Amino acid sequence: MRTRLAQALKSKKTPNEDILAALDAAHVAYGKVVPDPAPSKEDGSAHTERELAAHTKKFTAAEKKWRKAVERSYLKALTLKRLSRAKEPVNERLEVNLKAARALGDTYPKISRRIMDAFDKRLFPVKDYTIDARLYEAGFETLAKLNWRGSVAWLRDEVLIADRRPDRKNRTVAALNAMNRFPPQRAKVRNETVKRLIRMFEFVERQADFGGFGDTQGRTGRKHINRAWIPYWKELKPLVIATLRHFATDPVTNEAPVDYKRKKKLVHVADYARWYGRNKRVGYSPWIDPPRKKKK
């Protein structure tokens with residue numbers, strides 16, 4: 001099925017304004033499709049129940065086909081590109097990408113698989129221009145909004161990385177921000193996420209904050225041995241600690257972990273590493289699932 005949006009995306013010469021207008025129109029229609037009443041009979045008589053059911057079935061099938069066509073167009077618009085002719089080219093379709101990412105947030109959770117696939121195959125491998133950080137933010141926030149069951153694991157295992165290169169850092173920052181927006185996850189997912197965050201960033205913290213040693217040794221006055229990590233960690237540390245706290249919070253009591261001796265909140269990755277060493281067993285607080293709400 002060809003839609004107005006699909007037609008706008010077909011040509012590289014289509015102005016951004018036309019594509020954005022088509023995206024807006026599709027977004028409004030996508031959220032407001034209502035059953036089409038059966039047309040009146042020529043003789044003025046009423047439709048039978050069988051005729052009404054047949055009309056409803058035909059309309060539902062057409063609506064489903066139209067929605068899938070719109071969703072395909074959203075995904076195409078998410079990765080659409082037209083490079084500028086500058087020495088360092090930029091994607092002139094960025095505004096289209098961002099609007100498509102936000103529109104996908106009003107579809108359905110399972111489409112998250114196709115969004116992640118678009119990032120894996122079309123955006124992450126890009127080499128002829130630099131992906132704008134705002135696209136990572138919009139795309140990952142959409143995953144958080146949809147809250148499909150595999151999204152947290154994908155962000156954790158495929159996107160997060162302790163890498164100072166600008167593009168990799170932008171991905172990690174956007175992923176951490178998005179992960180903090182997910183509602184409480186299953187106990188095993190939260191446990192694995194905290195464990196991976198500790199393994200990934202404890203080394204970085206040691207280099208930037210504690211001179212290459214543990215936090216206790218670092219407080220004795222030793223100097224940094226790798227200053228290159230300092231600006232990187234200064235930016236990421238608040239996000240990493242917030243994400244650790246988010247996933248380590250008990251979903252039943254809503255209490256975040258504290259130091260078992262001083263009873264103060266944990267402020268370093270090293271703090272979480274010590275805490276996790278004593279509290280890693282799934283099935284015990286905080287690695288338990290909240291009770292399911294009974295359906296009325």
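As a reminder, the structure under discussion sits directly above these lines.
In short, a report on the structure. (Residues numbered from 1 in each chain as written. Predicted model: local features only at pLDDT ≥ 70, side-chain atom pairs only at ≥ 80, totals over all residues. Heavy atoms only, no water.)

**A short note on the packing of helix H7 (residues 151–159) against helix H8 (residues 166–179)**
Axis separation between H7 and H8 bottoms out at 10 Å; the angle between their running directions is 155°. Regarding the angle of H7 to H8, the classification is roughly antiparallel. Judged by the sense of rotation from one axis to the other, the crossing of H7 with H8 is left-handed. Residues Leu-155, Arg-156 and Val-159 of H7 pack against Arg-171, Thr-172, Ala-175, Ala-178 and Met-179 of H8. Its residues placed into classes, the contact of H7 with H8 shows five nonpolar, one polar and two charged. (Axes fitted to C-alpha atoms, helices over the stretch in contact; angles between N-to-C directions. Helix = DSSP H or I, 4+ residues; strand = E, 2+ residues; numbered from the N terminus. Parallel < 35°, antiparallel > 145°, perpendicular 65-115°, else oblique. Left-handed = near helix turned anticlockwise from the far one by under 90°. Contact = heavy atoms within 4.5 Å. Nonpolar A, V, L, I, M, F, W, Y, C, P; charged D, E, K, R; others polar.)

**Section: the packing of aromatic side chains**
Note on aromatic pairs: each is described by the distance of the centres and the angle between the planes. Going through the model one piece at a time under the given rule, you end up with 16 aromatic pairs. Judged by centre distance (6.0 Å) and plane angle (25°), the rings of Phe-201 and Trp-233 are stacked. One end of the pair, Phe-201, is in helix H9 (residues 187–209); the other, Trp-233, is in helix H11 (residues 229–248), and 32 residues separate them in sequence. When sorted by exposure, Phe-201 lands in the same class as Trp-233, which is buried. Among the aromatic side chains, those forming a connected cluster through ring pairs are Phe-119, Phe-124, Tyr-136, Phe-140 and Trp-154. The cationic tip of Arg-67 hangs over the ring face of Tyr-30; the distance from NZ or CZ to the ring centre is 4.4 Å. In this structure, Arg-164 is placed above the aromatic ring of Trp-229, and the distance from its NZ or CZ to the ring centre is 4.6 Å. (Phe/Tyr/Trp six-rings, centres within 6.5 Å; stacked < 30°, edge-to-face > 60°. Buried < 20%, exposed > 50% of the residue type's maximum accessible area, 1.4 Å probe, protein only. Lys NZ or Arg CZ within 6 Å of the ring centre and 35° of its normal.)

**Describing the nonpolar core**
Core analysis: the biggest nonpolar cluster contains 77 residues, and Phe-140, Leu-155 and Phe-201 have the highest contact counts within it. Ignoring anything within four residues of it in the chain, the contact list for Phe-140 reads Phe-119, Phe-124, Trp-154, Leu-155, Val-159, Arg-171, Ala-174, Ala-175 and Ala-178. (Core = buried A, V, L, I, M, F, W, Y, C linked by side-chain atoms within 4.5 Å.)

**As for the packing of H7 against H9**
H9 packs onto H7 with a crossing angle of 15° between their chain directions and a minimal axis gap of 11 Å. Comparing their axes, H9 and H7 come out roughly parallel. Our pair here, H7 against H9, has a crossing hand that is left-handed. Along its contact with H7, which presents Val-152, Arg-156 and Asp-157, the element H9 presents Val-189, Glu-192, Thr-193 and Arg-196. For the contact of H7 with H9, the residue count by class is two nonpolar, one polar and four charged.

**Some remarks on H9**
Spanning 23 residues, H9 covers 31 Å between terminal C-alpha atoms, matching the ideal 33 Å at 1.5 Å per step. Of all the bends in H9, the greatest measures close to 35° and is centred on Phe-201. (Expected span 1.5 Å × (residues − 1). Bend = angle between axes of the 7 residues up to and from the residue.)

**Some points on the pattern of salt bridges**
With the rule as written, the count across this model stands at 17 salt bridges. The shortest N-O distance in the salt bridge between Asp-106 and Lys-145 comes to 2.8 Å. Here Asp-106, found in the loop between helix H4 (94–104) and helix H5 (112–123), pairs with Lys-145, found in helix H6 (residues 133–146); they are 39 residues apart in sequence, far enough to count as distant. With a relative accessible area of 35%, Asp-106 lands in the partly exposed category. Its relative accessible area of 52% is what places Lys-145 among the exposed residues. Salt-bridge contacts for Lys-169 lead to Glu-235; the nearest nitrogen and oxygen are separated by 2.9 Å. Pair noted here: Lys-169 is in helix H8 and Glu-235 is in helix H11, with a separation of 66 residues, a long-range link. The class of Glu-235 is partly exposed, set by a relative accessible area of 39%. (Salt bridge = Lys/Arg side-chain N within 4 Å of Asp/Glu carboxyl O.)

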